[in-house]
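# Observations on chain architecture
Chain by chain, the residues:
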Amino acid sequence: MDTLSTCCVEETDYMRSEEEEDEEEEDEEEEKDTQSEESAVGKQQKPAWAPSFFHRVFKEVYNYVGQEIVITEGLDSYAGMIWPAALALCHHLDTHREQLTLVDKAVLEIGAGTGLVSVVAALLGAWVTATDLPEVLSNLTVNLCRNTKGRCRHTPQVAALSWGYDLQRTYPSSVHRYDYVLAADVVYHHDFLDELLATMKHFCRPGTALIWANKVRFETDLTFTENFKNAFHTSLLAEDGEMKIFMATSREGEEEEDQLMKEDEGETEEEEEEESKEKHVEQKLNEPELDSISQVQSEGKENENVTQESDMSAVKRGKEKEEKNEHESDEEQAMGKMEILKEDERARDEPEDTDSREEDITGDSMNQTAVQEKFWVSKLFNCFDKDIYHYAGHDILIRESIDSYGAVMWPAALALCSFLDNNRHVVNLQGKEVLELGAGTGVVTVVASLLGASVTATDLPEVLTNLQVNVTRNTEGRCRHTPQVAALSWGYDLQRTYPSSVHRYDYVLAADVVYHHDFLDELLATMKHFCRPGTALIWANKVRFETDLTFTENFKNAFHTSLLAEDGEMKILMATSRE
């Protein structure tokens, strides 16, 4: 079985020396901390947020195939992070070794990212080729080297692959043939879905099994899934909520066979028709002529038979129509019963008043149309994913949505909730006026409200529905002050919409608001507008991109800042006005 020979993954002495140099540099920095003022000046010239930090971003430790796997995340946008579908696929491969035997199999991973799936496949005995865009191959190579050297039957390989681009020349089908093609969370917020499907078709030849793991987030995921099912023979290997793992095989051989069968059937029908014509002519020649009376009688009988047949066919069509209507009615009743069962399950999981509140917010029309819609249509977007957290002595049920970044739970929000809950003597929210910027799912607002604050949660208009539902569900009857929800576009006409003379707050909270968007200047202007003298701004953030560090520097220049908490790349800063 041929595989790629380019970019072979081997742990070189250069890589080892680089890690040793990193360790030596850390030791030297610790020694410098205890030495002279000259070292302090050096630290000021190269602060903790300097770009050299990018070489060591974040480490995650996993355990699959009985091995400890250390993955270093990068700052290469989505490709440098661990996504949930990769973990789901690793777990499935590890726990279904009998059904999916990878030993000595040729395996290709497309969109390998950090390389976790490729590492697991290699540890399971496969001959793996991990592919991704050229700019993310360095981190991918390092992770494969670190976790497979001396552990695997076959040394995994790394190669560049741009989806849909000149594939027959760069990866000719006659050479690059694989037993399995793996893909995890490759359908996510990008504009190359047609190219991705073309790439899957190119590599998924007859005899190849394509395994694709995905967590549904956007409507484009559902459209791609339909196209995927139309392009391949598919089966569902595993499902957990919106996480699905599909196996697909090629339709090519079947299409050719169908064409041949149709041609054979056509030829057979033509032969039978010719034989029938010959027999009919021969019969006519041998039969005596009928007299006019018998011809009339025969024609009458034929007309009578035709009339009877048409009447019978009409009756039959009527019965079929009635059966169809009854069947459709039964389906509608069944779907209605399923919807009722789902509502009963939600009623058991949540307090009785929760469902009534949610119906008031989302509208009765949505519940009426849900019975007639398929399970994957837009109603799904309003109740996408459900998580339960415990803060301030309460269980907090949060539903994620599909409103881009604003309706997904991000780690800095959880870090800020934990800090507020466990450091009430440092940040006392009892009876305080609090504003949250970029509230998203609303978990920070809920916790602040449960801690006694009068909170106003703000975000863009398109995410307010899910925000309102989460805030209402978790605070009604539990809080001294009813939290408010309001629209706020950063940097836009703030003095008119939120005049400083009226909207004054003791605390302004913000969690993971600096993330992959082009409105950082507007965000800083919004923070300055609300962080007046007497206001404390608390900002929690996990560093992912270079823009995070640039914003952090601008943030420190705009305010008096102090570090409240730090855990790796997760930092919580407090700021006060310089005015």
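The coordinates are above.
Residues numbered from 1 in each chain as written. Predicted model: local features only at pLDDT ≥ 70, side-chain atom pairs only at ≥ 80, totals over all residues. Heavy atoms only, no water.

## A word on the sheet that holds strand β12 (residues 433-437)
Convention followed: By definition, two strands form a pair when at least two bridges between them are found by DSSP. Segments assigned H or I by DSSP are reported as helices when at least four residues long, segments assigned E as strands when at least two residues long, and all are numbered from the N terminus. The convention used is that axes are lines fitted to C-alpha atoms, helices contributing only their stretch in contact, and that angles between N-to-C directions extend from 0 to 180 degrees. In this description, contact between two residues means that some pair of their heavy atoms is separated by no more than 4.5 Å.
Here we have seven strands laid out as an open sheet, ordered β14-β13-β12-β15-β16-β18-β17, and mixed in their pairing. Taken across any chain shown, the strands that pair with only one partner, and hence form the sheet edges, are β14 (484-487) and β17 (560-567). Averaged over all pairs of adjacent strands, the angle between their axes in this sheet comes to 20 degrees, without regard to strand direction. With seven bridges joining them, strand β16 (residues 536-542) and strand β18 (residues 570-576) adopt antiparallel strand pairing. Residue pairing for β18: I538 is matched across the bridge by M574. Packed onto the sheet, helix α17 (residues 520-530) meets β12, β15 (507-511) and β16 and runs at close to 175 degrees relative to β12.

## As for the packing of helix α3 (residues 84-95) against helix α4 (residues 116-123)
What describes two packed helices is the angle between their axes and the distance between those same axes. Test applied: An angle counts as roughly parallel when it lies under 35 degrees, as roughly antiparallel when it exceeds 145, as roughly perpendicular when it falls between 65 and 115, and as oblique in every other case. Any residue that is not Ala, Val, Leu, Ile, Met, Phe, Trp, Tyr, Cys, Pro, Asp, Glu, Lys or Arg is counted as polar, Gly included; the first ten are nonpolar and the last four charged.
Here α3 crosses α4 at 10 degrees, and the two axes come no closer than 9 Å. Judged by the inter-axis angle, α3 sits roughly parallel to α4. Here α3 contributes A86, L87, L89, C90 and L93 to the contact with α4, which in turn contributes L116, V117 and V120. For the contact of α3 with α4, the class distribution of residues is eight nonpolar, no polar and no charged.

## A few points about the sheet that holds strand β7 (residues 209-215)
What the seven strands build is an open sheet, ordered β5-β4-β3-β6-β7-β9-β8; its pairing is mixed. Bordering the open sheet on either side are β5 (157-160) and β8 (233-240), each of which pairs with just one other strand. Across the sheet, the mean angle separating the axes of adjacent strands is 20 degrees when strand polarity is ignored. Across seven bridges, β8 lies against strand β9 (residues 243-249) in antiparallel orientation. Counterpart to T234 in the pairing with β9 is A248. Taken strand by strand, helix α8 (residues 219-231) contacts β7, β8 and β9, and its axis lies near 165 degrees from that of β7.

## Thoughts on the pattern of salt bridges
Keep this limit in mind: Definition used for salt bridges: Asp or Glu carboxyl oxygen within 4 Å of a side-chain nitrogen of Lys or Arg. Under the scheme applied here, a residue whose accessible area is under 20% of the maximum for its type counts as buried, over 50% as exposed, and between as partly exposed, the area being computed with a 1.4 Å probe on protein chains only.
Taken as a whole and assessed by the stated rule, the structure comprises nine salt bridges. The partner of D166 in a salt bridge is R169, and the shortest N-O contact between them spans 2.4 Å. Of the residues examined, R169 reaches a relative accessible area of 59% and is grouped as exposed. A salt bridge links D185 to R217; its shortest N-O distance comes to 2.9 Å. One end of the pair, D185, is in the loop between β6 (180-184) and α7 (193-203); the other, R217, is in the loop between β7 and α8, with 32 residues separating them in the sequence. For the pair D185 and R217, a shared accessibility class is recorded, and that class is buried.

## Some remarks on the packing of aromatic side chains
Threshold: Aromatic rings from Phe, Tyr and Trp, with only the six-membered ring used for Trp, were paired whenever their centres fell within 6.5 Å, and each pair was classed as stacked if the ring planes differed by under 30 degrees, edge-to-face if by over 60, and tilted otherwise.
For the structure on display, the rule yields 14 aromatic pairs. Centre to centre, the rings of W212 and F228 are 4.8 Å apart; their planes meet at 55 degrees, and the pair counts as tilted. Here W212, found in strand β7, pairs with F228, found in helix α8; they are 16 residues apart in sequence, far enough to count as distant. Classification of F228 by relative accessible area gives buried; the value is 0%. Relative to F559, the ring of F555 lies with its centre 5.2 Å away and its plane at 50 degrees, an arrangement referred to as tilted. Side by side, F555 and F559 carry an identical accessibility label, which is buried. Here the aromatic residues W212, F224, F228, F232 and F246 are joined through ring pairs into a cluster of three or more.

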